[in-house]
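# Examination of the molecular architecture
The chain contents come next:
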Amino acid sequence: AGNRVHHIRASDISAETAQSEGLRRFAALSGTSVGAEKLWMGETHAMPSTVSANHHHGDSETAIYVRSGHPEFVFHDGAEEVRISTSPGDYVFIPPYLPHREENPDPDTRAEVVIARSTQEAVVVNLPALYPL
């Protein structure tokens, strides 16, 4: 696996990866699919009018590219809830262990984002709340 290029077709991405309620994640490049040792790449779809479970990605840095729709990323900065509204072409960085959630407030359009993570598998820790009470 270490001395060849791997091609994963759009039709071959896998839903066999960590999930959170309200989102559908698909793995493309991972330790499992291509033998990656240091990164994971895939996509997430949020259906219209959905809110994901609160979660974090362990020690993984997460980079997000907004492909379509207007997803919102919500986290707590220690004092208040912060909401980032995005558009196609935008990028978002989520640091390790930061609790957050994704929302798609649009009642008609699915939001799709491309994800890259600094771990070879998708680490997802679902949480009961965005911020400890």
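No experiment lies behind these values; they were computed from the predicted model shown.

### Things to note about the sheet that holds strand S2 (residues 40-46)
In spatial order, the strands read S1-S2-S10-S5-S8; together these 5 strands make up an open sheet with antiparallel pairing. Single-partner strands in this sheet number two, and they are strand S1 (24-29) and strand S8 (91-94). Between one strand and the next, the sheet's axes are offset by a mean angle of 25 degrees, whatever the strand orientation. As judged from the 7 bridges shared by S2 and strand S10 (residues 111-117), these two strands associate in the antiparallel manner. For Ala46, the partnering residue across the bridge sits in S10 and is Ala111.

### Regarding the pairing of strand S9 (residues 100-104)
Every other side chain in a regular strand lies on the same face of the sheet, so the side chains alternate between the two faces. Of all 5 residues that make up S9, 5 are buried, and the element is covered over most of its length. Going residue by residue along S9, you find His100, Glu102 and Asn104 tucked away on one face and Arg101 and Glu103 tucked away on the opposite face as well. Bridge analysis of strand S3 (residues 50-51) against S9 gives 2 bridges, and the strand direction is antiparallel. Within S9, the residue paired with Val51 across the bridge is Glu103. Sheet topology note: the strand S6 (residues 72-76)/S9 ladder contains 4 bridges and is antiparallel. Note that in S9 the partner of Phe73 across the bridge is Glu102.

Parameters at a glance
Residues numbered from 1 in each chain as written. Predicted model: local features only at pLDDT ≥ 70, side-chain atom pairs only at ≥ 80, totals over all residues. Heavy atoms only, no water. Pairing = 2+ DSSP bridges. Helix = DSSP H or I, 4+ residues; strand = E, 2+ residues; numbered from the N terminus. Axes fitted to C-alpha atoms, helices over the stretch in contact; angles between N-to-C directions. Buried < 20%, exposed > 50% of the residue type's maximum accessible area, 1.4 Å probe, protein only.

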